Structures are given as C-alpha cells and as structure tokens.
Amino acid sequence: MYLHDYLNKIMRVWNAYEGQAVARFLALQDFHVNDPNLYKDNPDAAVSRQLPSPLDEIVSAHLKVVYQLMRSDPPNYTEAYRHQTSCIQAVVKLLQQMKEENWILPIMYVVSIDLRLLAAKCEQQTKSSKCGEILEKAAESLMSCFRVCAGDTRSSDEDTKRLGMLNLVNQLLKVYFRINKLHLCKPLIRAIDSSNFKDSFSLAQRITYKYFAGRKAMYDSDFKNAEEYLSFAFNNCPRRFTKNKRLILIYLTPVKMLLGYMPRKEVLERYNVLQFHDLASAVKEGNVRRFDEAIRRHEMFFINAGVYLLVEKMKILTYRNLFKKVHQLLQTHQIDLNAFQTALQFSGVEDVSIDETHCIVANLIYEGRIKGYISYQHNKLVISKQNAFPNVVTT
C-alpha cells in the first residue's frame, strides 16, 4: 500500500465519521505498520496536501513513529516516543477543535495506549538514572487529554467526551502504579466515582479500573472499599481470562482474609495461588509458628506480588484466633493475661514477655478484634459477654 492510498483510506473513513476505522490506521499494532512503502522520515508535505488539520499532524507524527521503529535496528524508542508525544498533542488539538462530537475518542484511545507503551520501552532502552521520568512525562501528556474530556460539560450525554475519561484514567493508573506515585491516583479515582457516567463505561474498562482502585484502597488500608472494588473485578472478569483473574485474586484474597473471610482451597487451587492456603490454615488454627513458617516459605511470592506487608498484618488475626481458643477453653469472661502468654509460648512465640502479651491484647482491642478492656490492676482481660471476638471488623 503506497502512502497516497493509505491517506485516501484515512480520508474516506474520516469523512464517514468512523472513529474506530481511523484509529486502526493510527495503531502501532495494525498490519499497516509492516508496510515498507509507508516508512517515511519526513511525510509532512505529502500528508498535509491530503488531510485536514490537525488530522494531518496526527498522521504525520504516527508515520514518523513507524519509521523510527521499523527502519532502525534496534528500534529507536527515544525518537519514536518523541514523535508519539507530538501525536498526542495533536490529538488534544483535535479534541478541542471538534466540539460536541465524541466519535473521535477511539483515536485518542489508541494514541494514548501507544504513548504509554513507548514510554515504557524508551525507559528500558535508555536505562535512565531517574527511573520513571519518561513515564511521568507521558502521564502529563495523557492528563492533557483527560482535562479536555472532563471539561466537556456542555455536550449532550450521547456526544460528550466525558465518556472517554475512564480509558484515560486506566492508562494513568497503570503509569502511576508502575512509577510508584500512588498519591496521584486519588483525584482520578474520585473523578470516576463521582461521575454520572460511571455505569456507562464498557465492562472491560470498569474491570480494569476496579482492579487498580481496589489495589489503591488496599494500600491505604481501606479494606472495605478494596474488597468491593476487587470483588467486582474478579466476579465480572470472564473465566477464560485466567491470568487476569489470578492477578485480581492475589490482592483480593489477603483483603478478604483481613476482613475475616478465609479463602476456599479449591478456588486458590484453580488459580494457582495455594501460597495463601498455608497462610489461611495457620490463621484459622491460631497457630503462630505455622504462620511464620508459611510467611518464610512463600516470602518471595508475597514480596514480588507486593502484598508482603499486607500478609504480615494477618498475624493479628492469628493472635485473635489463638486467644479465642483460650477463652473457649477457660469459659470465663475474665481471663488472666498469663494464660495468653502461655498460649503464645506454646504456639511458637517462646520468648514473649508479659508486657509484650499486654501489647498484643491491647492492639487486638484497638483494632476491634476483641471487645473488652484490660484490667492492669488484676492483670486480666475483661471481655464482652456478647460477640467478644467479632469476625468482621466494621470501621
């Protein structure tokens, strides 16, 4: 396909208002990228003769990206990323120019995704000492698109560019998680959760969003919201996407465990995350020694998954279940703290002191895992006569 034919095809679908078709001609995953006839170092003049502005700028920048990727060995990701940045800037102009129209949103989607992917490749190639700098710059370009979409409040619900917000938010969340700037996620999540269109976005986009919003809530120790977001993502993700469901489950499982729900072995087995089974068994038993062994055995898995600190928090649940057994054994609502110390020593915490036992019990009370208070004068825990060991904490 010659350049003239390529431009004619773009013009034809552009005049037909077929945003998806135009976007396909601008996607780096499309087959036209493999056509040597389109490898032009400086296509500006030829493109501007056939296409209106700012579409000509978008297409010219895209062709320059293709040239840098396909004619260089290895591909010059730095130059490709530079031209893709020009491409997204031209897309911003297009969005601003075409008021009360949103059929061009698919163009924004493909250009945005390719910008993020090229930024990541560029960082790998340049091995910048400032890790994440290029991706952060890419996020600034994506934010320019987001502002235009979020600010389109005058168009009708059918034509508003606000329907493109979630796609951009998902791209931005992926960038911020990768460069570890999670504080930048909060305003984006607030914008989507307060949007009138939050139920109008595609299911695939909502699943992606809920996954990242759930992880953010998890890291903020907002386990109730984390469970809600991640459960939506897991329950609505099609079963054929096993890898994605496994990824969601890696975060959903510890969140639900911290809320008092232990996972079923068959579910963990189906998605190959049995590392949590050893942990759940130890927590249910109140077996501190077994809990520590499970953490030690699967340490690298938890670290690589980014849930190690979360898993460590489950130790308090193990203490709670151990102390509940002490209560069931003694059948009294005034329990000598020495009994808890003995239980801890028996369960593997051999060098625990009475002061440390006091601290553990105090933390359990503070977190709502035990209803009661410590009588220091009598060295006893006085617990409630009703539901002294609540399963799910409501905070």
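Throughout what follows, the structure given in this document is the object of discussion. As the structure is a computational prediction, the values presented were derived from the model and not from experiment. (Residues numbered from 1 in each chain as written. Predicted model: local features only at pLDDT ≥ 70, side-chain atom pairs only at ≥ 80, totals over all residues. Heavy atoms only, no water.)

Let us now look at the pairing of strand S2 (residues 372-375). Here S2 runs beside strand S3 (residues 380-383); their pairing, made up of four bridges, is antiparallel. Note on S3: the bridge partner recorded for Ile374 is Leu381. Here S2 hands over to S3 after four residues, with Asn379 in that stretch at a positive phi of 55 degrees. (Pairing = 2+ DSSP bridges. Helix = DSSP H or I, 4+ residues; strand = E, 2+ residues; numbered from the N terminus.)

On to the pattern of salt bridges, then. Applying the stated criterion to the full structure yields twelve salt bridges. Between Asp30 and Arg24 there is a salt bridge, with the nearest N and O atoms lying 3.8 Å from each other. Residue Asp30 is classed as buried on the basis of its relative accessible area of 10%. Overall, the relative accessible area of 38% leaves Arg24 in the partly exposed class. Measuring nitrogen to oxygen at the nearest pair gives 2.9 Å for the salt bridge that ties Lys93 to Glu57. Residue Lys93 is found in helix H5 (residues 77-97), and its partner Glu57 is found in helix H4 (residues 55-70); the two are separated by 36 residues along the sequence. Judged by relative accessible area, Lys93 falls into the partly exposed class, the value being 39%. (Salt bridge = Lys/Arg side-chain N within 4 Å of Asp/Glu carboxyl O. Buried < 20%, exposed > 50% of the residue type's maximum accessible area, 1.4 Å probe, protein only.)

Here we take up the sheet that holds S3. Reading across the sheet, the three strands line up as S1-S3-S2 and stay open at both edges, with antiparallel pairing between neighbours. Single-partner strands in this sheet number two, and they are strand S1 (334-336) and S2. The mean angle between the axes of side-by-side strands here comes to 25 degrees, regardless of whether they run parallel or antiparallel. Lying on the sheet, helix H19 (residues 337-346) is in contact with S1, S2 and S3; it crosses S1 at an angle near 55 degrees. Strand contacts of helix H20 (residues 354-366): S2 and S3, with the helix running at about 155 degrees to S2, the strand carrying the most contacts. (Axes fitted to C-alpha atoms, helices over the stretch in contact; angles between N-to-C directions. Contact = heavy atoms within 4.5 Å.)

Honestly, that's just the spatial picture; any functional story needs more than this.
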